Structures are given as C-alpha cells and as structure tokens.
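Analysis of the macromolecular model
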Amino acid sequence: MAKPIEVDDKTFDQTVLKANTPVLVDFWAPWCAPCKAVAPILDDLAAEYEGRLGIARLNVDEAPVNASKYGISAIPTMLLFKEGKPVGQIVGFRPKAELKKALEEILT
Amino acid sequence: MNRAYEVIIIGGGPAGLSAGLYASRARLSTLLIEKGIIGGQIANAAHVENYPGFPDGISGLELTQAMHRQAKKYGLETVAAEVIGITLNERGKVIKTTEGEYRAKAVIIAVGAEPNRLGVPGEEKFLGKGVSYCATCDGPFFKDQMVAVVGGGDSAVEEGVLLTRFASKVILIHRRNRLRASRLLQERAFANKKIEFLWDTVVEDILGPDRVRGLRVRNVKTGDRSTLEVSGVFFYVGLHPGTDYLRGLLPLDEEGHIPTGEGMETEIPGIFAAGDVRKNSPRQVITAAGEGATAAISAEKFLSE
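Here's what I pulled together on the structure shown here. Not measured: the values here are computed from a predicted model. (Residues numbered from 1 in each chain as written. Chains lettered and ligands numbered in written order. Predicted model: local features only at pLDDT ≥ 70, side-chain atom pairs only at ≥ 80, totals over all residues. Heavy atoms only, no water.)

With that settled, consider the overall build of chain A. Each helix and strand in chain A was counted, giving 4 helices and 5 strands. Along the chain direction, N to C, the helices and strands of chain A fall in the order β-α-β-α-β-α-β-β-α. Here the C-alpha coordinates of chain A stretch approximately 30 × 30 × 25 Å along the principal axes. The 108 residues of chain A split such that 53% are buried. When contacts within chain A are restricted to residue pairs at least 6 apart in sequence, those whose partners lie at least 24 apart make up 71%. For chain A, the computed accessible surface area is about 5,100 Å², with 52% contributed by carbon and sulfur atoms. Positive and negative side-chain charges of chain A, numbering 13 and 15 respectively, have mean locations separated by a distance of 3 Å. (Helix = DSSP H or I, 4+ residues; strand = E, 2+ residues; numbered from the N terminus. Buried < 20%, exposed > 50% of the residue type's maximum accessible area, 1.4 Å probe, protein only. Contact = heavy atoms within 4.5 Å. Areas by Shrake-Rupley, 256 points an atom, 1.4 Å probe, with all protein chains shown as cover. Lys, Arg positive; Asp, Glu negative; His and termini not counted. Charge placed at Lys NZ, Arg CZ, Asp CG, Glu CD.)

Here's what the structure looks like:
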C-alpha cells in the first residue's frame, strides 16, 4: 500500500518536480497541531489515490529552501504539483471529505 | 465495526476528552467523534499557564495529547468524522456523520468553538499568504518581519507576545481603548518593547497584491485612516460554536451556544453539553475539563435510571 513520501531540500526536485504523476506536497512542522491532524488523512489518500497521485510530506524545518521558494507562510499548506509546477493550494486543516473535494477540484 | 455505544461524545477538546475519561472509567462503552484536531482550539496554544498541576506551563498540544492518552487507557474509542445531524428515536439517539451513522443512549456535545473570520477584504485571498489564525503554527515564518495581531482578548495578547520571539515588531490592533485579556498577560504585553498598541482601531482592508504587504486601518474615534506596512496579520477576534446542525433539535442562544442546567443537561433527556459550546461557559481549559467530567457523571446517572 502506498504511503506518503518524506521529502527534503535534497530530494524535492527528483521526487516532486520530476514525478510521472501529480504530487500533493504537505508542508508541515512538528510544532503545529493542525499538521498532526492532517497526517492520518494523507496516509489514507496515499492508498486511495495510488498510481494517480503521489503524496509527499515536507518538514519546513528540514527543507527551508523549498518552503521559502514556494512562499509558505502558514502550515499546514498543501501544494499540488503537476509536471514540475504548483497548480493549486489548500491552506489549513480540512476534514477528509472536504480535503478530497478540494483536491478533486484542482486535479481535474 | 461497532456502531452502538452507551455514550457518544462529539468534540475532542479538553471537555470531550475529560468526559471520555470519566465515562470510560465508569465502564460505559464510549466513542468520541472529532472532525479535526484531537485537543481542540487549545492544541494550538504554545503555552498553557493556567491549568493547575503544571507550574512551568505546558504546550496545548502536549496537554491535550496527555488527556487523550489517559482517556484511551481506560477504553475511550475515537473516530475521525464530522457530525451532520442528530435524530431521536425510541431506542436512543442517532448521530449522522460523514463516516456513517452511530447510535448512543447518551450524547455529550463538546464541540467547542471555531475562530471567527473578521470579514475584511483580502482575508480569504491571503490565507496562507500572510493571513493566519495560528501564531504557534505560523509565527516562525515571520522572522525579523513586522506583523499585526487583531484582537484584545487572552488569545490575541498571549499570541502577540509569542510572536515577538520571531517578528521584529508586533502591532496589536484593538477596536477598544483597553484590553480584555487577563491582567497578567496585559502586564507582560505592556512590558514588551517589541509590541506597539493601536487603540480604537479597526482593520478595513488587507493590502496585497501577491501576499500581505500592509493593512489599511481606521481610528473609530477620529475616523482617520492610515496604512501599516506589515507582512503578516494574525486574527484573534473571538470564536463561534459550530452548532448549526443542532438548530431545530435543541434550543440555542443567538450565537449558537447551548443552555444547560447544573448537571450540564440540555432540554432533551440524555443529551448533555460541556465546554465552550455551552452558554455562559467561562471558556477556560480547566472549566471545560470540569464541565466534561460533570456531563459524564450526569450521563452515567441518566443511563442507570
């Protein structure tokens, strides 16, 4: 079963920008309570969207270059990348059903 | 999967977790339904200093995770789902959620409250681009920058002080000329050289265009308008209970709070309310915990009758 992939500044380009499928990147940090609530939902989504969508998690402490490159100033923020470019963003915690709805809107 | 419980608790903040602890220790089969963050609003607080037993303070996240562990130890079950409605039938209460229906003999509503949006132009557009409702989460992104905090209560002042750890300056904007926050927090804020106060002032507009670059503010006494250059704005302008789906089932006050009796009982036998969702609740972690325990004890009595 697919699981979210941890990415940092070293692995970001290869794992996210050069991926064959769209990738949803969750920018998070250990000090953030809503980020903790997002984690199990992304675990579910990684399995549900296997093959169609990659799910990656980026700890902003360990990947400051990319966090700043994409202008992250609130967490959790989820950015959807298609063919190396950010095409949509979801800011803040959403319950699973709402997150899926928002995600489907950007995916299509 | 079990869908029937003696007690179902809606909401996983301090009220719900304390109710879960007491109900589980009473050996009642108990399910807690939480749509978002186990721990509730206070999980976002960097430092809780007024919960007894922690003389050096404790982070809201640690405190509520400990409450959750303690309740789970005695058998509390939790599920991530959003409640859509509650209906009554001869066998008890049916709780409709995004993950299907659950049945309970007693229900404790401890859904707490959600932060208000101020409703100014740019607030939605710049969410995640300088607009924030969680200083603990987002403060570190504003290192050596100027930020504004809007509000005058405990949260605004506490989080304003927290933000001075990162920001070069914090401008606290309040629509009145005095703070509502506790005296100790006020003293701390007044003594902090990085905090500047803008009294009698409201935010009219958030200025972009690509991300927050400033605020247009208006002095409510003089009518004078001015512009502040800030790269972040944190809103702490009160909370509202998320109880819309209960209208028609329970009487609610204008803001959506649930009136209860001394035992946290509502007008419907077997339905209780505890914590910030309750009318006239003091909205403290300690009182939410106390009300949750009281509600669970009342639910136990109700079930044994």
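Right, let's get into the side chain of His257 of chain B. All names here are of chain B. Inspection of the secondary structure assignment puts His257 in the loop between strand 16 (239-240) and strand 17 (271-273). Looking at His257, its side chain comes within polar contact range of the side chain of Arg283, at 3.4 Å. Apart from residues no more than four positions distant in its own chain, His257 is found in contact with Pro241, Pro251, Leu252, Asp276, Val277, Arg278, Lys279 and Arg283. (Polar contact = N/O pair within 3.5 Å; in protein donor to acceptor, adjacent residues only side chain to side chain.)

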